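Understanding the architecture of this molecule
Each chain is listed here by its residues.
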Amino acid sequence: MNATCPICEGEVEIAADVMAGELVECPDCGSELEITSIDPLTVEEAPEVEEDWGE
Amino acid sequence: MIVVKVGGSEGIDYDAFCADIAQLVKAGKQLIVVHGGSSQTNAVAEALGHPPQFVTSPSGYTSRLTDRKTLEIFEMVYCGKMNKMIVEKLQALGVNAVGLSGIDGGLWRGKRKSAIRVVENGRKRIIRNNFTGKVEAVNTDLLTMLLEGGYVPVLTPPAISYENEAINVDGDRAAGATAIALKANTLVILSNVPGVLKNFPDEESLITDVPSSQIDHVSEHYAEGRMRIKLLGSKEAIEGGVGRVILGDARQADCVSTALAGKGTTIS
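Below is a summary of the structure that appears in this document. Remember, it's a predicted structure, so these values are computed and weren't measured experimentally. (Residues numbered from 1 in each chain as written. Chains lettered and ligands numbered in written order. Predicted model: local features only at pLDDT ≥ 70, side-chain atom pairs only at ≥ 80, totals over all residues. Heavy atoms only, no water.)

Describing the nonpolar core
Residue and element names in this part refer to chain B.
- Counting 39 residues, the largest nonpolar core has Trp108, Leu187 and Leu231 as its most contacted members.
- Mapped onto this core, the elements with two or more residues apiece are β2 (31-35), β9 (132-138), α4 (140-148), α5 (171-181), β13 (186-191), α6 (215-221), α7 (227-239) and β15 (244-249).
- Ignoring any residue separated from it by four or fewer positions in sequence, one finds Leu231 in contact with Val196, Ile215, Val218, Ser219, Ala223, Leu247 and Ile267.
- Residues Leu24, Val33, Ile246 and Val256 belong to the second largest nonpolar core, which totals 29 residues. (Core = buried A, V, L, I, M, F, W, Y, C linked by side-chain atoms within 4.5 Å. Buried < 20%, exposed > 50% of the residue type's maximum accessible area, 1.4 Å probe, protein only. Helix = DSSP H or I, 4+ residues; strand = E, 2+ residues; numbered from the N terminus. Contact = heavy atoms within 4.5 Å.)

Here we look at the pattern of salt bridges
Residues and elements named next belong to chain B.
- Evaluation of the coordinates by the stated rule reveals 15 salt bridges over all chains.
- The partner of Arg68 in a salt bridge is Glu72, and the shortest N-O contact between them spans 3.3 Å. Separated by four residues within a single helix, Arg68 and Glu72 lie in helix α3 (residues 68-92), roughly one turn from each other.
- Owing to a relative accessible area of 40%, Arg68 belongs among the partly exposed residues under this scheme.
- For Glu72, a relative accessible area of 36% puts it in the partly exposed group.
- With a shortest N-O distance of 3.1 Å, Glu203 and Arg251 are connected by a salt bridge. Separated by 48 residues along the polypeptide, Glu203 in the loop between β13 and β14 (209-210) and Arg251 in the loop between β15 and α8 (255-260) bring together distant segments of the chain.
- On the accessibility criterion, Glu203 (35% relative accessible area) is partly exposed. (Salt bridge = Lys/Arg side-chain N within 4 Å of Asp/Glu carboxyl O.)

Regarding the sheet that holds β15 of chain B
Residues and elements named next belong to chain B.
- As summarised here, the arrangement of the eight strands in space is β5-β10-β2-β1-β13-β15-β16-β14, forming an open sheet in which the pairing is mixed. Bordering the open sheet on either side are β5 (97-101) and β14, each of which pairs with just one other strand.
- By the bridge criterion, three bridges tie β15 to strand β16 (residues 265-267) in an arrangement that is antiparallel. Bridge pairing links Ile246 to Thr266 in β16.
- In the packing of helix α1 (residues 14-26) onto the sheet, the strands contacted are β1 (2-6), β2, β10 (152-156) and β13, and the crossing angle to β2 comes to about 165°.
- Contacts from α5 reach β1, β2, β10 and β13 within the one sheet, and its direction differs from that of β1 by about 175°. (Pairing = 2+ DSSP bridges. Axes fitted to C-alpha atoms, helices over the stretch in contact; angles between N-to-C directions.)

Here you go:
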């Protein structure tokens with residue numbers, strides 16, 4: 001399945017077993033995108049969030 | 001001032017630990033105790049039907065995935081079972097210990113990371129609704145008041161966010177933040193290994209001294225699992241002005257005294 005990059009409107013191929021929250025890269029503009037929903041498939045520019053070094 | 005962090009992994013001898021703390025307090029040392037509770041939290045979470053889940057960050061640090069229910073179980077064990085067990089043992093040894101979580105009195109304040117980046121099976125993902133964070137400020141007035149009153153503070157995660165939500169924070173780094181804030185000269189971090197091992201799990205391969213300039217190198221090449229976070233907390237403490245950090249073994253008698261005498265991995 002494919003999605004449209006919200007940054008450059010390029011086509012992004014999404015694996016069939018993609019998980020919600022998974023990060024993918026737009027092959028055209030290199031933007032990091034988050035899969036925000038599987039059904040329907042939606043992608044958004046990934047937020048700048050930190051790693052977790054909690055307990 | 002000495003800050004002593006004792007971990008929560010299996011094998012730790014809390015009777016011996018408390019006996020040694022009592023001995024040091026009676027000898028006139030000013031101490032703050034910080035503790036963990038990870039293995040008990042895992043057991044209680046399993047028993048309550050909400051098994052623990054751990055996630056790995058893109059740079060290889062593991063941490064507990066903390067949804068609201070996990071946070072509540074975490075509080076039951078850390079603030080309840082573990083904190084009161086240590087306070088009870090110290091009281092029985094004549095030490096006027098006071099147990100506090102980082103929430104109480106806004107003791108440990110920090111920023112919540114509600115969304116975090118993790119790696120699962122080589123795939124990067126964002127997880128939301130997480131209750132973790134990092135201690136950024138310590139209520140030193142509260143600790144000073146207790147210390148001046150002759151009490152021994154026994155501190156435990158969670159901390160509290162700027163929005164007043166409880167947040168799971170790493171105890172080693174919280175102990176480091178406490179040592180920095182109180183200008184402690186020594187931070188002791190005790191766990192169920194002798195220190196940093198060159199060939200984990202070979203305990204004969206203990207690295208006894210790590211100059212602060214070598215912390216990153218040692219972390220990258222030799223540290224396994226949670227030891228990487230202990231080294232990160234050690235680095236932060238040294239950079240924050242703490243004179244030395246000792247990573248020692250809490251499975252033996254006199255574990256604090258022997259660590260203070262240099263047994264373990266000393267970082268300075």
